[in-house]
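# Tertiary structure, described
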Amino acid sequence: MNRTFCNVALAVPLRTTFTYGVPEQLRAAVHPGVRVLVPFRQKSLVGVVVDLPERPPQKAKIREITRVLDVIPALTPSLIELGHWIAGYYLAPVGEVFRAMLPPVTELRTQQQIAITAAGRELVDSTSSTLSEEFAADEIALLSKLIAKHGVLLASALEKSGLNTALLQRLARRGLVEIRQSLLARKQRMQTILAWRTEEPEKRESSTDAAGEKPVRPLQGKALEKFQAQTARVRELLEAERGPLPLPQVLKLAGLSRAAVERMLACGLLYSWEEPIDPAEDPFDVGYAPPAHELNPDQDTALKRIRARFELGEFGVQLLYGVTGSGKTEVYLRAIQETLARQKTALVLVPEIALTLWIGRQCRAWFGARFEGVAVLHSALTDVERAREWWRVRNGEARVVVGTRSAVFAPLERLGLIIVDEEQENSYKQEETPRYHGRDVAIVRAKMENAVALLGSATPSLESYHHATTGKYELLTLGSRVENRALAKVEVVDLREEFQQTHQAGSISAKLRAGIQECLANGTQALVLINRRGYSWSVLCRSCGASVQCTNCSISMTYHKNRNRLECHYCGFVAQAPKNCPKCDSKYVYFFGEGSEHLEERLRKEFPTARIARLDRDTTRTKRQYQETLGAFAGGALDILVGTQMLAKGHDFHRVTLVGVISADGLLSMPDFRAAERTFQLLTQVAGRAGRGELHGRVLIQTYYPEHYAIQDAVKQDYLAFYERETNFRRTMGYPPFTSLANVIVRDTNLEKAIRWSRQLSEYFSPHNGKNVRILGPATAPLARLKKEYRFQFLLKSPKRTVLTKLLAGALDHCEANEIPDTAVIVDMDPLSLM
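Calculation notes
Per chain, residues are indexed from 1 in the order of the written sequence. Only residues with pLDDT of at least 70 get local features here, since the model is predicted, and only at 80 or more are side-chain atom pairs given and counted; chain-wide, interface and lining totals rely on the full set of residues. Excluded from the side-chain calculations are hydrogens and water; all other atoms, namely the structure's heavy atoms, are used. The helix and strand labels rest on DSSP assignments: H or I over at least four residues marks a helix, E over at least two residues marks a strand, and numbering proceeds from the N terminus. The contact rule is simple, with two residues in contact once any of their heavy atoms fall within 4.5 Å. To be clear on the numbers: accessible area is Shrake-Rupley with a 1.4 Å probe, and residue cover counts the displayed protein chains and nothing else. As used here, the term nonpolar core means buried Ala, Val, Leu, Ile, Met, Phe, Trp, Tyr and Cys residues forming a set that is joined through side-chain atoms within 4.5 Å. To sort residues, take the accessible area from a 1.4 Å probe on protein chains only and compare it with the maximum for the residue type: under 20% means buried, over 50% means exposed, and anything in between is partly exposed. Classification of ring pairs rests on two measures: the distance between centres of Phe, Tyr or Trp rings, Trp counted by its six-membered ring, which must be within 6.5 Å, and the angle between planes, read as stacked under 30 degrees, edge-to-face over 60 and tilted in between. Whether a charge lies above a ring is judged from NZ of Lys or CZ of Arg, which has to be within 6 Å of the ring centre and within 35 degrees of the ring normal. Lines fitted to C-alpha atoms define the axes, with helix axes restricted to the stretch in contact, and inter-axis angles between N-to-C directions lie between 0 and 180 degrees. Oblique is the label for any angle not covered by the other classes, which are roughly parallel (under 35 degrees), roughly antiparallel (over 145) and roughly perpendicular (65 to 115). Each crossing gets its handedness from the near helix: less than a right angle anticlockwise from the far helix is left-handed, clockwise is right-handed. Put simply, Ala, Val, Leu, Ile, Met, Phe, Trp, Tyr, Cys and Pro go in the nonpolar bin, Asp, Glu, Lys and Arg in the charged bin, and everything else, Gly too, in the polar bin. Paired strands, in this sense, are two strands between which DSSP finds at least two bridges. Patch members must show over 30% relative accessible area and no salt bridge, and they are joined within 9 Å when carrying like charges or within 5 Å when they are nonpolar side chains of Val, Leu, Ile, Met, Phe, Trp or Tyr. We define a salt bridge as a side-chain nitrogen of Lys or Arg found within 4 Å of a carboxyl oxygen belonging to Asp or Glu.

Before going further, it helps to spend a moment on the overall build of the protein chain. When its secondary structure is counted, the protein chain shows 25 helices and 33 strands. Sequence separation of 24 or more characterises 75% of the internal contacts of the protein chain that already satisfy a separation of 6 or more. In the form shown here, the protein chain has an accessible surface area of approximately 38700 Å², with 49% of it arising from carbon and sulfur atoms.

This is the structure we're talking about:
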């Protein structure tokens, strides 16, 4: 018998696959897309089979795979095709690409089911004389047995009866049986849900407890007054503010003890029930019903054009450009509804984990009951939770997926719609191998699967809007807010004038302070944005002028007061806060700059009665912390929310009437051609958080550079004016969208090696410079040292992306020929950051 081979992609930094032999006993189980365990050098690795070559490679010894991990291929044929495209376009090792696409390798309890198909039933029911000639007796016997067992049998039961795997695979290839792999339901964690009892109980203080065993002891005096106040708070929370909530949330939000809740239950004021905890569920979803809005004319027109694209039945990209608060989410939900009605599936990408909670809540409320559920995929889930959600999607148990960047690889079949919300966000770009852009991969996937790609933003990236104006994308516009609500009034606070008047460089101007006081007096809410984490940016010696830098990176460390330590936000290095200067031993150590932690402390001192919280990566390291902070603010339990750019994206808080931006200049000072675009986007997005309900909004932008066009256009919330100015600059300087860009970094922990390899690469690039490509460098990278590695940079520009791809592929081959390690050269195609 001829030997069978398979090509396997392994998660190693090599741009090739590896050929393995397939043992005879595993041949029926090996298909493209299944994960396999293979020997590699002196260890075993998990890889994915990408194809089955007809001929083996020309080498003497080929090792064999040792185990097949999947019954159903983990990756569909379209995802395998997409993985090869990513590897080719971004010049990434193919195994690293497939590792990013696969679910976490974790042990899940599964069971395999064999189900007879309609074709199989028809065959057995047939009285054709050719039946016994075309099919073996054991095949007919298996089909008959399945019919006798109502069409489905567990594979484990068939194996005990001596089932031949090859026979089963043969029937599956003919379409007579279907092999299903489902996750076994494990014991679910339960939660107690509390609701206010609307009907008046006949007796309260004389009631028995929930078990009916003993009477409730009456309260008197101050104890009774306290209980009545607690009862009023719980009633307001469960009737007016939130509706039914999990017990832990009630205890936290109402500030109660468990004994107080048990007394309310015993008195008949509350009733409770048990519900399973869904890992993707937001505890604030309980009792949530999405607002039912009628579409305004702009929304209706946009939806009709999306529907028309569906009816064409072909690939297309549409850019939904709408001002903040214009109802883009409503259009998304209606578009998903249209997709599901056509028996197809939908994928929704969002830039932040916090937004998966908000969009996931809306999708579950709209589609969770009527269709087969909504899956949520993001990195805050545990490996087991992510694997279970991933396999739910693969097995067709969820038809809508909501997730962050990596959810673009969700194994949906019959894909009809991919939505990329806030498509301009940097977080869609992967900053480690493979360095793909989630938005661009989503568009390519939509093209491969003949689906519609819908990009949405109030501040589209210049590249996307340029494609829309040139006809490559279809432009859909939402020009006004829903219900004709006015955009928030935006004002600039010139910090230069503020300093001349007060002779102090405080972070809170007099105008912002007065605005916050007005919010507190009126019972409304305020958002305060400062795009810096930590307490202080850096630690500076006033004697010698030295700053405390990370030992691994050429960057100042950030002081975090709550943990009383310095942290590097690039490599994670931690050090104790110094009392004396590490260089000259001076005691005059100055903590310079103000971050979100410092701002929160300042606001608590200035507004001691206000309820204040902070939302940044330091305070929201888990999914639960996101949920609690955002839920408390949405429910009115907080007055002021301080945070970084997490606050700027997508949130819909109807009682926010004031947004303060502490320093609008931070991004403008970055050595990056996208600095003005990012500043405009951030300011416009955060301004859109104010005045989204019936109350009017106000935005205060504090800056030392009010004349900059990015700030001026953000104040007017005029995207088109900014687009015209910025594209003129980009066209003149030869930056995207008018040229293609690639960033190449050469790195090593040894400085001499990094310099030598940079020179070798420069020798390869030099003959090509000026021939339809411009090459800048090598030069020291803006971050000259990162994670103990010295870094040198090349920047390549070309009007044709194919020229860059060909040149860079040749450069990587040149590196291999000159024994420059694969890990020493980073190629970033279409970079969003040049740091």
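What follows deals with the nonpolar core. Residues Leu75, Phe98, Leu347, Val401, Phe765, Leu796 and Leu808 are the most contacted members of the largest nonpolar core, which totals 114 residues. When near neighbours in sequence (up to four residues on either side) are disregarded, Phe765 contacts Ile775, Phe794, Leu796, Leu807, Leu808 and Ala811. Counting 27 residues, the second largest nonpolar core, distinct from the first, contains Phe310, Tyr332, Phe367 and Val400.

Within a pair of aromatic rings, the relevant descriptors are the distance that separates the centres and the angle that separates the planes. Taken as a whole, this structure holds 21 aromatic pairs when the rule is applied. In this structure an aromatic cluster arises from ring pairing among Tyr321, Tyr465, Phe680, Tyr709, Tyr719, Phe722 and Tyr723. One cation-aromatic arrangement involves Arg263 over Phe227; the distance from NZ or CZ to the ring centre is 5.9 Å. Taking the ring centre of Tyr590 as reference, the NZ or CZ of Arg542 above it sits at 4.0 Å.

Here we take up the packing of helix H21 (residues 675-687) against helix H22 (residues 709-716). A packed helix pair is summarised by two numbers, namely the angle formed by the two axes and the spacing between the axes. At a minimum axis distance of 9 Å, the contact between H21 and H22 shows a crossing angle of 25°. Relative to H22, the element H21 lies roughly parallel. Note on packing geometry: the crossing formed by H21 with H22 is right-handed. For the pair formed by H21 and H22, the contact residues are Ala676, Thr679, Phe680, Leu683 and Thr684 on the first element and Tyr709, Ala710, Ile711, Asp713 and Ala714 on the second. Along the lines of polarity and charge, the residues of the contact of H21 with H22 split into 7 nonpolar, 2 polar and 1 charged.

This part covers helix H16 (residues 462-469). The element H16 is largely enclosed, with a buried count of 6 among its 8 residues. Along H16, the positions that sit buried rather than exposed are Leu462, Glu463, Ser464, Tyr465, His466 and Ala468. One or two positions beyond H16, positive phi appears at Gly471, with a value near 90°.

To continue, consider the pairing of strand E12 (residues 316-322). With 7 of 7 residues buried, E12 is to be regarded as a mostly interior element. Burial along E12 is two-sided: Gly316, Gln318, Leu320 and Gly322 and Val317, Leu319 and Tyr321, pointing in opposite directions, are all buried. One ladder, built from 6 bridges, connects E12 with strand E17 (residues 452-457); its direction is parallel. Paired with Leu320 across the two strands is Gly456, which belongs to E17.

A cluster of nonpolar residues, Trp537, Tyr590 and Phe592, forms a patch on the protein surface that exposes about 260 Å² of accessible area. Inspection of the secondary structure assignment puts Tyr590 in strand E25 (residues 589-592). The exposure class of Tyr590 is partly exposed, given its relative accessible area of 32%.

Attention now moves to the sheet that holds strand E13 (residues 345-349). The 7 strands are arranged E14-E15-E13-E16-E17-E12-E18 in an open sheet whose pairing can be described as parallel. The open sheet is flanked by strand E14 (374-377) and strand E18 (474-478), the only strands paired with a single partner. Here the average twist between neighbouring strands, direction ignored, is 15°. Two elements, E13 and strand E15 (residues 400-403), share 4 bridges in a ladder whose sense is parallel.

Right, let's get into the pattern of salt bridges. Close approach of charged atoms allows side chains with opposite charge to pair. Taken as a whole and assessed by the stated rule, the structure comprises 43 salt bridges. Arg604 is paired through a salt bridge with Glu600; the nearest N and O atoms lie 3.0 Å apart. With Arg604 and Glu600 both in helix H19 (residues 596-606) and 4 residues apart, the pair spans about one turn of that helix. Among the salt bridges present, the one from Arg730 reaches Glu677, with a minimum N-O distance of 2.7 Å. With Arg730 in helix H23 (residues 719-733) and Glu677 in helix H21, this pair connects stretches of sequence that are 53 residues apart. Residue Arg730 shares its accessibility class with Glu677, and that shared class is buried. Look at the salt bridges and you will find they share partners, linking Arg533, Arg563, Arg565, Glu567 and Asp618 into a network.

Keep in mind these numbers describe shape, not what the thing actually does.
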